[in-house]
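Each chain, written out:
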Amino acid sequence: FKNIMHKLSMLSLANAMNIDELKEFDKQVKKGLGQENDVEYVAEPKLDGLAVELVYENGILTHGSTRGDGTMGEDITQNLKTIRAIPLTINENPPTLLEIRGEVYIGHSDFKKMNEKRLNENETPFANPRNCAAGSLRQLDPLITSQRPLRIFCYALGLIEGMKFESQKEFLNALPNWGFPVNPHVKIGNGVDFLINYYENAEKLRDELEYDIDGVVFKVNSFQNQDELGVR
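No experiment lies behind these values; they were computed from the predicted model shown.

J.: I keep staring at the sheet that holds strand S8 (residues 187–190) and nothing clicks. Help me out?
T.: Across a sheet, strands are paired by hydrogen bonds formed along the backbone, either parallel or antiparallel in direction. Pairing within the open sheet is antiparallel, and its three strands lie in the order S8-S2-S9. The open sheet is flanked by S8 and strand S9 (213–220), the only strands paired with a single partner. The average undirected angle you get between the axes of adjacent strands in this sheet is 30°. As paired elements, strand S2 (residues 40–47) and S9 share six bridges and run antiparallel to each other.

Structure follows, in structure tokens:
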């Protein structure tokens, strides 16, 4: 695969491993913004799949890549085009440039059916949905990729030109209008109590989901505040 340089780095996430670290995160955010009031956050499940970037120029999908090392990814455009949930064109008022990050995954029931079929055909079953999704996206033959039940949830904005979003929530609300799937369990709320409650509910929700998650992601909702705080 060719390499593609990300215009904005696709950074990995810092972890909070317990409630105290979550409280410390909220404390640092408030300190960084110089405010005492509760901060508005967006909370999202963290899918255990493969992170990708989709780049649209004047509404047309021009290329897509893996996250790679965060700076450079692999060009898997043709394989991503086989995923039905990824629009090839944006018809409704597209920005001149739009970079969308998302997570490609395989659902539990699809994975089970696929492995049953492989066993019936005397082929080796796949070890787990994540490895299968990653391997499917790195097939040299897009025809093989097209036969795998790959899905995607989109969750982050890269570079954008010709349009502006004020917040993560505003961006996520726009995505379905353009045809991009967004996780239905995204929530918005204020303060550290919201973060703790969301995390505790996600622990209960985890076993009911049709896909694997390996945590939750918390983001300051305001893009202006994100710029002020920097990244971690």
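J.: When you look at the environment of Met163 in this model, what are you seeing that I'm missing?
T.: You can see Met163 is positioned in the loop between strand S7 (151–161) and helix H6 (168–178). Along the chain, Met163 and Thr96 lie 67 residues apart, while their C-alpha atoms are 8.0 Å from each other. Excluding its chain neighbours within four sequence positions, the residues that come into contact with Met163 are Asn93, Pro95 and Trp178.

J.: How should the pattern of salt bridges be read in this particular structure?
T.: Close approach of charged atoms lets side chains of opposite charge pair. Going through the model one piece at a time under the given rule, you end up with 11 salt bridges. Note that Lys2 and Asp75 form a salt bridge whose closest N and O atoms lie 3.8 Å from each other. Linking Lys2 in the segment before strand S1 (3–5) with Asp75 in the loop between strand S5 (72–74) and helix H2 (77–80), this pair joins segments that are 73 residues apart in sequence. The partner of Arg118 in a salt bridge is Glu123, and the shortest N-O contact between them spans 3.4 Å. You can call Arg118 buried: its relative accessible area is 19%.

J.: Teacher, can you tell me more about the pairing of strand S3 (residues 50–57) here?
T.: On a regular strand, one side chain projects to one face of the sheet and the next to the other, so that they alternate. Among the eight residues in S3, seven count as buried, and that is most of the element. As defined by bridge partners, S3 adjoins strand S6 (residues 97–105) across eight bridges and the pair is classed as antiparallel. Bridging across to S6, Tyr56 finds its partner in Leu98. With six bridges connecting them, S3 and strand S4 (residues 60–66) associate as antiparallel partners. Residue pairing across strands places Glu57 opposite Ile60, the latter belonging to S4. Taken together, S3 and the strand that follows it, S4, pair antiparallel across an intervening segment of two residues, in which Asn58 is found at a positive phi of about 50°.

Analysis parameters
Residues numbered from 1 in each chain as written. Predicted model: local features only at pLDDT ≥ 70, side-chain atom pairs only at ≥ 80, totals over all residues. Heavy atoms only, no water. Pairing = 2+ DSSP bridges. Helix = DSSP H or I, 4+ residues; strand = E, 2+ residues; numbered from the N terminus. Axes fitted to C-alpha atoms, helices over the stretch in contact; angles between N-to-C directions. Contact = heavy atoms within 4.5 Å. Salt bridge = Lys/Arg side-chain N within 4 Å of Asp/Glu carboxyl O. Buried < 20%, exposed > 50% of the residue type's maximum accessible area, 1.4 Å probe, protein only.

On their own, these measurements won't tell you what the molecule is for.
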